[in-house]
Amino acid sequence: MAKILQPIAMNKCLGCLACMNVCSTVNQKNHSLNKSAIKVRTTGGITSEYIAVVCLGCRDNPACIEACPSAALKKRAGGGVLVDAEQCIGCRKCVPACIVRAINFDEETKKPIICRHCGVCARFCPHDCLQMIESEEAMVHA
């Protein structure tokens with residue numbers, strides 16, 4: 001069964017941003033945090049808790065797919081979407097369509113950066129704040 005990424009224990013997050021760094025390095029071949037599909041930020045202020053903004057892995061009618069005029073976004077088995085960079089026209093319509101604002105846009109390539117639920121960020125999180133969960137179980141947690 002396919003798995004999707006879920007921020008499970010963000011109360012343990014120290015804001016090291018290792019997840020963002022490894023995501024951009026592995027998936028975009030770039031060390032810029034701007035190229036990460038996951039965004040870790042505070043809930044408001046330097047002393048507040050951290051949250052992870054990441055694709056929810058929508059299974060039924062993802063809004064980003066519906067907004068894409070070039071059919072560059074395809075459903076991923078188990079939830080979420082995959083980007084066909086060849087078909088993407090860089091219109092950015094998927095960005096505001098995402099209900100949790102989890103789609104980032106790469107200004108250099110003019111393509112969206114969307115979590116592929118590969119799990120590399122979870123493997124490198126030193127405090128196990130992120131986990132890969134079987135997609136049916138993940139819907140219970142969401």
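Rules behind the numbers
Residues numbered from 1 in each chain as written. Predicted model: local features only at pLDDT ≥ 70, side-chain atom pairs only at ≥ 80, totals over all residues. Heavy atoms only, no water. Core = buried A, V, L, I, M, F, W, Y, C linked by side-chain atoms within 4.5 Å. Buried < 20%, exposed > 50% of the residue type's maximum accessible area, 1.4 Å probe, protein only. Helix = DSSP H or I, 4+ residues; strand = E, 2+ residues; numbered from the N terminus. Contact = heavy atoms within 4.5 Å. Salt bridge = Lys/Arg side-chain N within 4 Å of Asp/Glu carboxyl O. Polar contact = N/O pair within 3.5 Å; in protein donor to acceptor, adjacent residues only side chain to side chain. 1 Å grid on protein atoms, 1.4 Å probe; cavity = no way out; pocket = protein on both sides within 12 Å on 5 of 7 lines; lining within 4 Å. Points joined across faces, edges and corners; volume = space filled by probe spheres on them. Nonpolar A, V, L, I, M, F, W, Y, C, P; charged D, E, K, R; others polar.

## Some points on the nonpolar core
Among the nonpolar cores identified, the biggest contains 19 residues, and L5, C19, I38 and L130 are the most heavily contacted of them. Mapped onto this core, the elements with two or more residues apiece are α1 (18-28) and α4 (120-124). Tallying contributions element by element places α1 first for this core, with three residues. Dropping the residues within four chain positions of it, C19 is found in contact with I38, V40, C121 and L130. Grouped together as the second largest cluster of nonpolar side chains are 12 residues, C68, V81, C88 and A102 included.

## Some points on the pattern of salt bridges
Applying the stated criterion across every chain yields a total of four salt bridges. For R92, the salt bridge is made with E107, and the minimal N-O distance between the two is 2.9 Å. Placement of R92 in the loop between β5 (81-83) and α3 (94-97) and of E107 in the loop between β6 (104-106) and β7 (111-113) is noted, with a sequence separation of 15 residues between them. The residue E107 makes a salt bridge to K110 at a minimum N-O spacing of 3.4 Å.

## Things to note about unusual backbone geometry
Despite not being glycine, L17 has its phi angle at roughly 65°, a positive value. Looking at the element boundaries, L17 is found in the loop between β1 (3-7) and α1. You can call L17 partly exposed: its relative accessible area is 26%. Even without being a glycine, A71 presents a positive backbone phi close to 55°. On the secondary structure map, A71 appears in the loop between α2 (63-67) and β4 (73-75).

## Comments concerning the side chain of S48
Tracing the backbone shows S48 in the loop between β2 (39-42) and β3 (50-53). Among the polar contacts listed, one links the side chain of S48 to the side chain of T43, at a separation of 3.4 Å. From its side chain, S48 meets the backbone oxygen of G44 in a polar contact 3.1 Å long. Discounting residues that sit within four places of it in the chain, S48 has contacts with T42 and T43.

## Brief notes about the layout of surface pockets
Of the voids in this model, the largest pocket is the one considered here, and its volume is about 340 Å³. For the largest pocket, the lining is made up of 23 residues, of which N27, Q28, I113, I114 and R116 are closest to its centre. Listed by contribution, the elements that provide at least two residues to the lining of the largest pocket are α1, β5, β7 and α4. Of the residues in the lining of the largest pocket, the class split is 15 nonpolar, five polar and three charged. Taken as a whole, the second largest pocket spans an internal volume of roughly 150 Å³. For the second largest pocket, the lining is made up of 16 residues, of which C55, C58, P62, C64 and C98 are closest to its centre. Residues belonging to the lining of the second largest pocket are distributed by class as follows: 14 nonpolar, two polar and no charged.

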